[in-house]
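# Structural description and commentary
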Amino acid sequence: MIKKEDIIRNTLIQEIVRIDMFKIMDISNILKIIDPIMKEHGFEFSSNDVYDVNISINDPQELITQKFITNVNKTTNYQYVKDDEQFVLNEFMIFFQKSKFKGYRNIDVYIDVFCEIMEKILESENVSIKRIGIRKINRVIGKNLEIISKIFKDDDINLEEIKQYEGYKNDRKKILQDENKNSMNVFKSLDKGIGIVEQEEIPMYRTTLDIDAYYRKFDENINTESIKSKMKDLSDTVFKQYISYENDTLLRILTNKNDIEDLEICEGVNNID
């Protein structure tokens, strides 16, 4: 089994840390309080729509705050941005999103900033936390279907169907729930498209593994230490689920310092060092 310290590469394309709550009544006051904190961490305030923000939640039970969040691109969303990273805040949620992962090691530093923000919110507002979640999306694109299909192991994939039908997609959703701990939504897909290599169009194959772990049950008097503990637990849960797909191909990608060129991977493997 791979350990975190063994990894020298990752396959991440997006990472989201999110808290849904009900409800921040005076968001302008919260922004005044957290603005110095965010600037100290190198984040600049922006009211522009800088990134495509994925705010959908696919839990088996509808989340009450989702009814109020219909469009994250409205001007009622406030962003603190640094390079490819952003914190977004509105009356019903706060989330962190990152989209580039070369040289990236772990999520802990962002959890710490997140909890600094939550501490100020809890000190100033009587909010009710409805959900704490961490979502990590992994994706690898390559030319060899047999190799790409084995990166995240799956016994249900029909390679002949994928070869035959351009655009074919094999999707599965798995809901894992533990009433005493956390729950998880896992999505996996493998699809075919066309890529351009040296001005020539060739078939490409893309495999995606999307893991969203979350808590939805909390004590009434939840504090930032408890939030931080739950976030780190969720981070470990996502990692364990990711590694549960471990096989020789994924092991080689994540831990082998030698070249992986013969795997014919075109995109999706990020070097940590």
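Per chain, residues are indexed from 1 in the order of the written sequence. Where totals are concerned, whole chains, interfaces and linings use all residues; where local detail is concerned, this predicted model gives features only for residues with pLDDT of at least 70, and gives and counts side-chain atom pairs only at 80 or more. To get the side-chain values, all heavy atoms of the structure are used, and hydrogens and water are removed first.

### Observations regarding the overall build of the protein
Numbering of helices and strands runs from the N terminus, with a helix taken as a DSSP run of H or I at least four residues long and a strand as a DSSP run of E at least two residues long. Within the protein one finds 6 helices and 12 strands. As presented, the protein carries roughly 14300 Å² of accessible surface, and 42% of it is formed by carbon and sulfur atoms. Calculation of accessible area relied on Shrake-Rupley with a 1.4 Å probe; when residues are assessed, cover is drawn exclusively from the protein chains displayed.

### Here's the deal with the packing of helix H2 (residues 108-124) against helix H5 (residues 224-243)
A fitted line through C-alpha atoms represents every axis, and for helices the fit uses only the stretch in contact; the resulting angles, taken between N-to-C directions, go from 0 to 180 degrees. H5 packs onto H2 with a crossing angle of 150 degrees between their chain directions and a minimal axis gap of 9 Å. As far as their axial angle goes, H5 and H2 are roughly antiparallel. For the crossing formed where H2 meets H5, the hand is right-handed. Note on element contacts: H5 touches H2 through Thr-224, Ile-227, Lys-228, Met-231 and Lys-232, opposite Asp-108, Ile-111, Asp-112, Phe-114, Cys-115, Met-118, Glu-119 and Leu-122. When residues are grouped by polarity, Ala, Val, Leu, Ile, Met, Phe, Trp, Tyr, Cys and Pro land in nonpolar, Asp, Glu, Lys and Arg in charged, and all others, Gly among them, in polar. Classifying every residue of the contact of H2 with H5 by side-chain character gives 7 nonpolar, 1 polar and 5 charged. The labels follow the angle: roughly parallel below 35 degrees, roughly antiparallel above 145, roughly perpendicular from 65 to 115, and oblique for the rest. In this scheme the crossing of two helices becomes right-handed for a clockwise turn of the near helix relative to the far one and left-handed for an anticlockwise turn of less than a right angle. We call two residues contacting when some pair of their heavy atoms lies within 4.5 Å.

### A word on the side chain of Asn-247
Tracing the chain through its elements places Asn-247 in the loop between H5 and helix H6 (248-255). On the accessibility criterion, Asn-247 (18% relative accessible area) is buried. Definition of a polar contact: a pair of N or O atoms within 3.5 Å, with one able to donate and the other able to accept a hydrogen when the atoms are protein atoms, and with sequence-neighbouring residues admitted only if both atoms are side-chain atoms. One polar contact links the side chain of Asn-247 to the main-chain amide nitrogen of Thr-249, over a distance of 3.0 Å. Leave out the neighbours within four places in its chain, and Asn-247 touches Lys-150, Ile-151, Phe-152 and Lys-153. Working definition: with a 1.4 Å probe on protein chains only, accessible area under 20% of the residue-type maximum means buried, over 50% means exposed, and in between means partly exposed.

### Observations regarding the confidence of the model for the protein
Any residue range with low pLDDT should be treated as having predicted coordinates unsuitable for detailed reading. Every residue gets a pLDDT, meaning the predictor's confidence in that residue, from 0 to 100. Averaged over all residues, the pLDDT of the protein is 84; the fraction at 70 or higher stands at 82%. For residues 71-75, every residue scores under 50 in pLDDT, and the model assigns this stretch 8 contacts once sequence neighbours within four places are set aside.

### Here's the deal with the packing of helix H1 (residues 27-40) against H2
At their nearest, the axes of H1 and H2 sit 10 Å apart, and the two run at 150 degrees to each other. Here H2 runs roughly antiparallel to H1, going by the angle between their axes. The two elements H1 and H2 cross, and the hand of that crossing is right-handed. In contact with Asn-29, Ile-30, Ile-33, Ile-34, Ile-37 and Met-38 of H1, H2 contributes Val-113, Glu-116, Ile-117, Lys-120, Ile-121 and Ser-124. For the contact of H1 with H2, the per-class residue count stands at 8 nonpolar, 2 polar and 2 charged.

### Thoughts on the pairing of strand S2 (residues 12-22)
Among the 11 residues in S2, 9 count as buried, and that is most of the element. With 6 bridges connecting them, S2 and strand S6 (residues 93-98) associate as antiparallel partners. Considered in S6, the bridge of Val-17 is made with Phe-96. In this description, strands pair whenever DSSP reports at least two bridges between them.

### Considerations on the side chain of Ser-46
Looking at the element boundaries, Ser-46 is found in strand S3 (residues 44-46). Given a relative accessible area of 13%, Ser-46 falls into the buried group.

### With respect to the packing of aromatic side chains
Each aromatic pair joins two rings of Phe, Tyr and Trp (for Trp, the six-membered one) with centres within 6.5 Å, and gets the label stacked for planes under 30 degrees apart, edge-to-face for over 60, and tilted for any other angle. Throughout the structure, instances matching the rule amount to 10 aromatic pairs. Taking 5.3 Å as the distance between ring centres and 65 degrees as the angle between the ring planes, the aromatic pair formed by Phe-45 and Tyr-80 counts as edge-to-face. On the criterion of sequence distance, the pair formed by Phe-45 in strand S3 and Tyr-80 in strand S4 (residues 78-82) is long-range, its members being 35 residues apart. Grouping aromatic residues by their ring pairs yields a cluster made of Phe-43, Phe-87, Phe-96, Phe-101, Tyr-104, Tyr-110 and Phe-114. Charge-over-ring contacts are defined here by two conditions on Lys NZ or Arg CZ: a distance within 6 Å of the ring centre and an angle within 35 degrees of the ring normal. Above the face of the Phe-239 ring, Lys-4 is positioned so that its terminal group lies 5.5 Å from the ring centre. In this structure, Lys-230 is placed above the aromatic ring of Tyr-215, and the distance from its NZ or CZ to the ring centre is 4.3 Å.

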